[in-house]
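The residues making up each chain are set out below.
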Amino acid sequence: MSMLQIETDPAGMDPTAVPVAPERGMVGRSPGRLAWERLRRNRTAMVSGWIMLFLVVLGVSAPLVELLYGIGPYEQFQDRIANNSLPLGYLGGISGDHWFGLEPKLGRDIFIRLVYGLRTSLLIATSAAVITTAIGIVLGIVAGYLGGWIDAVISWVIDFALALPFLIFALAVMPTVTARFYGPRDEIDVPFRIAVMILLFAMFGWTGTARLVRGQVISLREREFVEAARASGAGLGHILFRQLLPNLWAPILVTFSLAVPGYITGEAALSFLGIGIVEPTPDFGVMISNSLDYMDGDPMYLIIPGFVIFLLVLTFNLFGDGLRDALDPKSSR
Amino acid sequence: MLRFLIKRLLLGALTLFAVSLVAFGMFFMLPRDAVATMCEKNCNAERLDRMRDELGLNDPLFDQYTGYMKGIFVGRDLGSAQGGRCDAPCLGYSYTNGEEVTDIFARVIPVTLSIVIPAAILWLGLGIGLGMLSALKRGTVFDRLAIGFSLTGASMQLYFVGGILLIVFVYTLKILPPPRYVSLWENPLDWAAGLVLAWMALAFLFSAVYARLSRAQMLETLAEDYVRTARAKGLTKSKAYGRHALRAAITPIVTIAGLDVGGALGGTVITETTFGIQGLGRTAVEAVRLGDLSTIMATVLISAVFIVVANIVVDLLYAVIDPRVRLS
């Protein structure tokens, strides 16, 4: 049993990759610890990690920010909007009271709407990433370990799902699903829209993780520790989730961290096209979609939300890259 | 080669069949009341029922499916409310537009192709070129710039880039007309001027991905023994890298490019919406907004056809580039 425990060290992603032999006077470092130290030395990853953390905290604590800032996301400042529906003042009405200016026509504060938009976006993206990763892990591990016809079926479904055009399919699914639950003139609840979007991402997003996990499991399943577990009478569930899964955390963590920015982009795109979040809920995609009407007179209305979502996606991507480099030093970018 | 081609075509047909089943099943899930959104003003129960009858919604599911498929291959009669006889390839009738879906598509598909094809040539050329060059000049300033470019592009949003391009070129510098579509055969210069911003936006985003991929691929290939051997035998740099390494490095990229047609189609949906160009993508978005189900269904099918055909073409290209594929 003790040999098994070494092999399935929960923090270890590849037991053979990092041999840690305690030398004289030195403390043995676990693979997880080594990865963390590598990550900390990567300046790009650390800086983007901090910015990312800042944006996440800002989004999560949106009501608190509203309290401190003193302006709500639905408040309208019509007295600061000119007759041509553009905000008064320079750069889209940026001032001490309205840090990022005001929306044309309705005169809502852009800063607080961005903070709330951050929250919507992160909520959808992280839940979608958690669900797709979970589905991907289970199906990938089952397909890879069991092989045979189960593997064949799961692999075919993966190939089929990859052949479907996501955005076009999303365009088709949104109205059909909402028509199923709501009448043609009913107001559609925001939580329902969010749930459908997460469902859509879940339907299409699990394939990548499943493929990756399947490949890893195929290379792991013939290893001695799996054989030893099987020989000592371990059940299928134990082998899959107690023996194999702990060896897969590193690649799973990397795909998860790179999936989140993908869903942030996807959510904004769906809302931009009018099939995700809709007015008056604050959202990046909706804001940019609205801003296209005012590009000539108020370019800041496009530039500010566009830049914030760019920063969000970029920092997530850079941090994910850094995580991969730290967890798998052999991989080259 | 012929056997390979036939096998590939059959597999493609099977995938298309599965897609049509899924799409059809999805629309069957609809409650009957969805017809009400299509019904014009002064709609009553009798009219509604007649519409359902004409749409064939009262028939069994199997008959509806075979009827639809029959329409695509040999054409069918849609009834007086839907413009009567509909010749093959019949994709149904759009109530909201008051014309056959096939006619709408005949109008908008050239627009989408005019956006995608030049953009794809741009992004493949730019992306692969940039990636290969930065691999060869690894560690130099050029390489760093290329990495920065691809990181930025990979995190950018199409509509943001599109909007910035519009603000700069159309509203500030005023050197380009607002985006629009003019037929290539009518006036090639107007055609290019109206679409160049769409190409640029798409090319910037997509080439970032390809630059990154081809850089990694080229670096891997350059480390192979046969490339070193070729150099050791006295081949010039350009011959060893250009002929030996490039060919090996480009094969996986061709595959990815083929698999990416779905992404490119999604890209045009956003591009067309951003620039207000009426192509397949914008038509689909409008159809969703108006509840025009026959157009949405047809869009799904057409996109799937594009994707499947692209995959077949890629597999054939692959077989041409890499002889091992043909033999296995």
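Note that the structure is predicted; figures quoted are calculated from it, not measured.

Reading the values: the criteria
- Residues numbered from 1 in each chain as written.
- Chains lettered and ligands numbered in written order.
- Predicted model: local features only at pLDDT ≥ 70, side-chain atom pairs only at ≥ 80, totals over all residues.
- Heavy atoms only, no water.
- Helix = DSSP H or I, 4+ residues; strand = E, 2+ residues; numbered from the N terminus.
- Buried < 20%, exposed > 50% of the residue type's maximum accessible area, 1.4 Å probe, protein only.
- Contact = heavy atoms within 4.5 Å.
- Areas by Shrake-Rupley, 256 points an atom, 1.4 Å probe, with all protein chains shown as cover.
- Phe/Tyr/Trp six-rings, centres within 6.5 Å; stacked < 30°, edge-to-face > 60°.
- Buried area = accessible area lost by both parts, 1.4 Å probe.
- Salt bridge = Lys/Arg side-chain N within 4 Å of Asp/Glu carboxyl O.
- Polar contact = N/O pair within 3.5 Å; in protein donor to acceptor, adjacent residues only side chain to side chain.
- Nonpolar A, V, L, I, M, F, W, Y, C, P; charged D, E, K, R; others polar.
- Domains from an automatic or database assignment.
- pLDDT = per-residue confidence, 0-100.
- Core = buried A, V, L, I, M, F, W, Y, C linked by side-chain atoms within 4.5 Å.
- UniProt positions renumbered as here; feature names shortened; annotations may be inferred.
- Expected span 1.5 Å × (residues − 1).

When its secondary structure is counted, chain A shows 13 helices and 0 strands. Secondary structure elements of chain A, listed N to C terminal, follow the sequence α-α-α-α-α-α-α-α-α-α-α-α-α. Counting over 333 residues, chain A shows a buried share of 51%. Across chain A, every contact between residues at least 6 apart in sequence was considered, and the portion connecting residues at least 24 apart equals 73%. Of the accessible surface of chain A, which amounts to about 15,600 Å², a share of 63% is contributed by carbon and sulfur atoms.

Let us look at the overall build of chain B. Tallying secondary structure elements over chain B gives 14 helices and 4 strands in all. A burial count over chain B gives 48% of its 328 residues as buried. Residue pairs at least 24 apart in sequence account for 64% of intrachain contacts in chain B once pairs closer than 6 positions are excluded.

Right, let's talk about the packing of aromatic side chains for a bit. Note on aromatic pairs: each is described by the distance of the centres and the angle between the planes. One pass over the structure, following the stated rule, counts 13 aromatic pairs over all chains. Summarising the aromatic geometry, the rings of A:Phe100 and A:Phe111 are spaced 5.5 Å apart at their centres and angled 80° between planes, so their arrangement reads as edge-to-face. With A:Phe100 in the loop between helix H4 (62-69) and helix H5 (110-146) and A:Phe111 in helix H5, this residue pair connects regions lying 11 residues apart in the sequence. Given the relative accessible area of 30%, A:Phe100 is considered partly exposed. Classification of A:Phe111 by relative accessible area gives buried; the value is 9%. Here A:Phe272 and B:Tyr159 contribute two aromatic rings whose centre-to-centre distance is 4.5 Å and whose plane-to-plane angle is 20°, an arrangement assigned as stacked. Of this pair, A:Phe272 sits in helix H11 (residues 249-272) while B:Tyr159 sits in helix H7 (residues 158-172), on two different chains. Among the residues examined, A:Phe272 registers a relative accessible area of 2% and is labelled buried. Judged by relative accessible area, which is 1%, B:Tyr159 ranks as buried.

Our next topic: the interface of chain B and chain A. Chain B puts 42 residues into the contact, and the matching count from chain A is 41 residues. The three residues of chain B that bury the most area against chain A are B:Ser155, B:Tyr159 and B:Phe160, which together make up 16% of that side's buried surface. Connecting chain B to chain A are 1 salt bridge. A:Asp321 serves as the salt-bridge partner of B:Arg212, at 2.9 Å between the closest nitrogen and oxygen. For the pair chain B and chain A, the interface holds 3 residue pairs in polar contact (both at pLDDT 80 or more). Secondary-structure elements contributing two or more residues to the side of chain B that touches chain A are helix H1 (2-28), helix H6 (141-155), H7, helix H8 (188-222), helix H11 (261-275), helix H12 (280-290) and helix H13 (293-321) of chain B. Sorting elements by how many residues they give to the side of chain B that touches chain A places H7(B) first, with 7 residues. When the residues that make up the side of chain B that touches chain A are grouped by side-chain class, the tally is 27 nonpolar, 12 polar and 3 charged.

The next subject is the domain arrangement of chain B. All names here are of chain B. We note that the domain assignment places domain 1 (2-102) and domain 2 (105-327) within chain B. Contacts between domain 1 and domain 2 engage 26 residues on the former and 24 residues on the latter. Carbon and sulfur atoms make up 74% of the surface buried where domain 1 meets domain 2, a total of about 2,100 Å² over both sides. When the buried surface of domain 1 facing domain 2 is broken down by residue, Phe-4, Arg-8 and Phe-27 rank first, second and third, together holding 27% of it. Its salt-bridge partner being Arg-107, residue Glu-99 comes within 3.2 Å of it at the nearest N-O pair. Connecting domain 1 to domain 2 are 4 residue pairs in polar contact (both at pLDDT 80 or more). Of all the elements in the fold, those that place two or more residues in the side of domain 1 that touches domain 2 are H1, helix H2 (34-38), helix H4 (61-74), strand E3 (93-94) and helix H5 (101-136). Counting residues per element, the side of domain 1 that touches domain 2 draws most heavily on H1, which supplies 12 residues.

Residues and elements named next belong to chain B. Within the secondary structure, Tyr-226 sits in helix H9 (residues 225-232). Between the C-alpha atom of Tyr-226 and that of Ala-319, which follows or precedes it by 93 residues, the distance is 21 Å. Sequence-distant contacts of Tyr-226, defined by excluding residues within four places in its chain, comprise Thr-221, His-244 and Ala-248.

Before going further, it helps to spend a moment on the confidence of the model for chain A. All names here are of chain A. Per-residue confidence for chain A gives a mean pLDDT of 82, with 90% of residues at or over 70. When pLDDT is averaged over each element of chain A, H5 comes out on top at 92 and helix H1 (residues 2-7) at the bottom at 41. pLDDT under 50 marks residues 1-18. Its contacts with residues more than four places away, or in other chains, come to 29 contacts.

Looking now at the nonpolar core. Where a protein is soluble and globular, its nonpolar side chains tend to be buried together. Counting 151 residues, the largest nonpolar core has A:Ile264, B:Tyr68, B:Phe105, B:Trp123 and B:Tyr159 as the members making the most contacts within it. Both domain 1 (2-102) and domain 2 (105-327) of chain B contribute no fewer than three residues apiece to this core. Look past the residues within four positions of A:Ile264 in its chain and what remains in contact with it is A:Ser121, A:Leu122, A:Ala125, A:Ile309, A:Leu312, A:Val313 and A:Phe316. Counting residues in each nonpolar core, the second largest holds 15 residues, with A:Leu220, A:Phe225, A:Leu244 and A:Leu245 among its members.

A word on unusual backbone geometry. In this structure, the amide linkage connecting A:Glu279 to the following residue, A:Pro280, adopts the cis form with an omega of 0°. Phi is positive for B:Lys174, close to 55°, though the residue is something other than glycine.

All buried positions along H12(B) are accounted for by B:Leu280, B:Gly281, B:Thr283, B:Ala284, B:Val285, B:Ala287 and B:Val288. Buried-residue contacts for H12(B) involve helix H7 (166-181) of chain A together with H5, H11 and H13 of chain B. Trailing H12(B) by a residue or two, B:Gly291 shows a phi angle of about 70°, which is positive.

All right, on to the UniProt feature "transmembrane region" (unreviewed entry) in chain A then. Residue and element names in this part refer to chain A. Per the UniProt record, "transmembrane region" (unreviewed entry) is annotated on residues 47-71, 122-146, 153-174, 194-213, 244-264 and 300-320. As a span, residues 122-146 carries 100% helix and 0% strand, and end to end its C-alpha atoms are 35 Å apart. Split by type, residues 153-174 is 91% helix and 0% strand. Its first and last C-alpha atoms lie 27 Å apart.

Let us look at helix H3 (residues 43-60) of chain A. For the α-helix, the turn length of 3.6 residues means that residues three or four positions removed from each other point alike. Residue and element names in this part refer to chain A. Its 18 residues place the ends of H3 25 Å apart at the C-alpha level, agreeing with the 26 Å of an ideal helix rising 1.5 Å per residue. The complete set of buried residues in H3 reads Ala-45, Met-46, Ser-48, Gly-49, Met-52, Leu-55, Leu-58 and Gly-59. Considering only its buried residues, H3 is in contact with helix H2 (31-41), H4, H5 and helix H13 (300-327). With a side-chain oxygen positioned 3.3 Å from the backbone nitrogen of Thr-44, the residue opening H3 is Asn-42.

Residue and element names in this part refer to chain A. Secondary-structure assignment places Glu-103 in the loop between H4 and H5. Residue Glu-103 is classed as buried on the basis of its relative accessible area of 2%. Among the polar contacts made by the side chain of Glu-103, one reaches the side chain of Arg-113 at a distance of 3.0 Å. Within the structure, Glu-103 has its side chain in polar contact with the side chain of Tyr-301 (distance 3.4 Å). Ignoring anything within four residues of it in the chain, the contact list for Glu-103 reads Ile-81, Arg-108, Ile-110, Arg-113, Met-287 and Tyr-301.

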